[in-house]
Amino acid sequence: MIPAGSLLSAVGLRKSYGPTRALDGADFSVHPGEVVAVMGPSGSGKSTLLHCLAGIVRPDEGVVTYDGRRLTDLPDAERSALRRGEFGFVFQFGRLVPELTCVENTALPLRLAGLRRKEAEARALDWLERLDAADVRDQRPGEVSGGQGQRVAVARALVTTPRVIFADEPTGALDSLNGERVMELLTAAARETRAAVVLVTHESRVAAYSDREVIVRDGRVRDMTGVL
Ligand SMILES: Nc1ncnc2c1ncn2[C@@H]1O[C@H](COP(=O)(O)OP(=O)(O)OP(=O)(O)O)[C@@H](O)[C@H]1O
C-alpha cells in the first residue's frame with residue numbers, strides 16, 4: 001500500500017542481476033520535505049533501490065509511483081525528462097565536468113533545460129553562495145578541495161529546485177568535518193525548498209541528519225521508526 005501523502009513510493013520491488021538478487025520485495029516511501037536515510041550492509045541493495053526509485057534502473061517486478069504517476073510504466077524518454085526536470089543527484093565523487101568552471105558546472109542543468117547563459121549562471125551563483133562555495137566559482141573542479149567540490153555538486157543538484165534529491169554516499173569521500181558541513185547545507189536547502197531526500201549512507205553520523213532511517217537487508221527494507 002502507498003502511504004498517504006507520499007511523493008515517491010515503491011511497492012514490492014524485485015531486481016536480479018543474473019543469479020544475484022539485489023532487491024527482493026522492497027517497499028519505500030518519502031514525503032515532500034522529508035529526509036530519509038537508507039542504511040544497511042554493503043551489497044544489501046541500497047544503490048539498486050535508489051536507482052529504481054530514480055527511474056535509472058527498471059525493476060523486474062514492483063511499482064514505483066512518483067507524484068501519482070507510475071514511473072515504472074513510463075517510456076524511457078519520459079522517465080529521462082522527469083529525471084532532468086524534477087530530480088537532483090549527488091554522488092560520492094561530485095562527478096563535475098573537469099573542463100567547466102564551478103559556476104558553469106552548477107549552471108549546467110539549467111543550460112540543458114534551455115536557459116540563457118547569463119540567467120543560468122546568475123541562479124547558479126545564488127546556489128553557490130547558499131552552499132558556501134561562491135569563492136571557487138571561476139575555478140575548475142581539479143583546482144578545488146574535496147569539500148568545496150562536493151558543495152558545488154550539491155549546488156548543481158539543487159539549482160533546478162528538484163522535488164526529489166537522490167544522494168548516494170554524498171560525504172563518502174570527505175573527512176568528518178567537511179562531511180558534516182555538506183550534510184548541514186544539503187538538508188537545510190532541501191527543507192527550505194520542501195524537496196524530499198533519499199540519502200544512501202553507511203555512516204550513522206550522516207544518517208543523523210535525516211528525519212527517518214530505513215535499513216536494507218537482503219534486498220528488503222525495514223523502517224526503523226520506533227525501533228531505534
Ligand atoms: N550492474 C550490476 N551488475 C551485476 N550485479 C550488480 C549490479 N549492481 C548491483 N549488483 C549486485 O547487487 C547487489 C546489491 O548491490 P547494491 O550496489 O545495490 O548494494 P549496496 O547496498 O548499495 O552496496 P554498497 O554499500 O557496497 O554500495 C550486490 O550483490 C551487487 O554486487
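These numbers come from a predicted model, not from an experiment.

Cut-offs and rules
- Residues numbered from 1 in each chain as written.
- Predicted model: local features only at pLDDT ≥ 70, side-chain atom pairs only at ≥ 80, totals over all residues.
- Heavy atoms only, no water.
- Near = heavy atom within 4 Å.
- Polar contact = N/O pair within 3.5 Å; in protein donor to acceptor, adjacent residues only side chain to side chain.
- Areas by Shrake-Rupley, 256 points an atom, 1.4 Å probe, with all protein chains shown as cover.
- Helix = DSSP H or I, 4+ residues; strand = E, 2+ residues; numbered from the N terminus.
- Nonpolar A, V, L, I, M, F, W, Y, C, P; charged D, E, K, R; others polar.
- Phe/Tyr/Trp six-rings, centres within 6.5 Å; stacked < 30°, edge-to-face > 60°.
- Buried < 20%, exposed > 50% of the residue type's maximum accessible area, 1.4 Å probe, protein only.
- Lys NZ or Arg CZ within 6 Å of the ring centre and 35° of its normal.
- Axes fitted to C-alpha atoms, helices over the stretch in contact; angles between N-to-C directions.
- Parallel < 35°, antiparallel > 145°, perpendicular 65-115°, else oblique.
- Left-handed = near helix turned anticlockwise from the far one by under 90°.
- Contact = heavy atoms within 4.5 Å.
- pLDDT = per-residue confidence, 0-100.
- Pairing = 2+ DSSP bridges.

Colleague: I'd like a description of the site of the ligand, backed by residues and values.
Modeller: Every residue near the ligand is listed here: Tyr17, Thr20, Ala22, Pro41, Ser42, Gly43, Ser44, Gly45, Lys46, Ser47 and Thr48. In this structure, Gly43 approaches the ligand through a main-chain N or O atom, which is 2.8 Å from an oxygen atom. Residue Ser44 places a main-chain N or O atom 3.1 Å away from an oxygen atom belonging to the ligand. Protein contact buries 56% of the 640 Å² of open area that the ligand shows by itself. Taken together, the elements giving at least two residues each to the shell around the ligand come down to strand S2 (20–30) and helix H1 (46–53). For the shell around the ligand, the leading source of residues is H1, giving three residues. Grouping the amino acids of the shell around the ligand by side-chain chemistry returns three nonpolar, seven polar and one charged.

Colleague: Before we move on, can you summarise the packing of aromatic side chains with the specific residues and values?
Modeller: For the coordinates displayed, the defined rule picks out four aromatic pairs. A centroid spacing of 6.1 Å and a plane angle of 5° characterise the contact between Phe89 and Phe91, whose relative ring orientation is stacked. Like Phe89, the residue Phe91 is buried in the burial classification. Aromatic pair Phe89 and Phe166: ring centres 5.4 Å apart, planes at 20°, arrangement stacked. Here Phe166 lies in strand S7 (residues 164–168) and Phe89 lies in strand S6 (residues 87–90), a separation of 77 residues in the sequence. Given a relative accessible area of 18%, Phe89 falls into the buried group. Following the ring pairs from residue to residue traces out a cluster consisting of Tyr66, Phe87, Phe89, Phe91 and Phe166. Against the face of Trp127 rests Arg130, its NZ or CZ located 4.0 Å from the ring centre.

Colleague: I'd love a proper account of the packing of helix H3 (residues 102–112) against helix H5 (residues 146–158), names of residues and values included.
Modeller: Geometrically, a packed helix pair is captured by the angle between its two axes and the distance between the axes. Put simply, H3 and H5 touch, their axes get as near as 7 Å, and they point 25° apart. Taken together, the axis directions place H3 and H5 in an arrangement best described as roughly parallel. Regarding H3 and H5, the two cross each other, and that crossing is right-handed. Touching Cys102, Asn105, Thr106 and Pro109 of H3 are Val152, Ala155 and Arg156, all from H5.

Colleague: Give me the lowdown on the confidence of the model for the chain, citing residues and values where you can.
Modeller: A residue-level look at the chain finds 97% of positions with pLDDT of 70 or above and a mean pLDDT of 92. The complex prediction reports pTM at 0.91, with the ipTM value standing at 0.96.

Colleague: With reference to specific residues and values, describe the sheet that holds S2.
Modeller: Sheet architecture is open: four strands sit in the order S2-S1-S4-S5, paired in antiparallel fashion. Strands with a single pairing partner mark the edges of an open sheet, and in this sheet they are S2 and strand S5 (69–70). When strand S1 (residues 8–17) meets S2, the two strands line up antiparallel, connected through eight bridges. Paired with Tyr17 across the two strands is Thr20, which belongs to S2. Each of S1, S2 and strand S4 (61–66) touches H1; the most contacted strand, S2, lies at about 55° to it.

Colleague: Can you explain the pairing of S2? Please cite residues and give values.
Modeller: Across the 11 residues that make up S2, a large majority, eight, are buried. Connecting the antiparallel pair S1 and S2 is a turn made up of two residues, with Gly18 showing a positive phi of about 60°.

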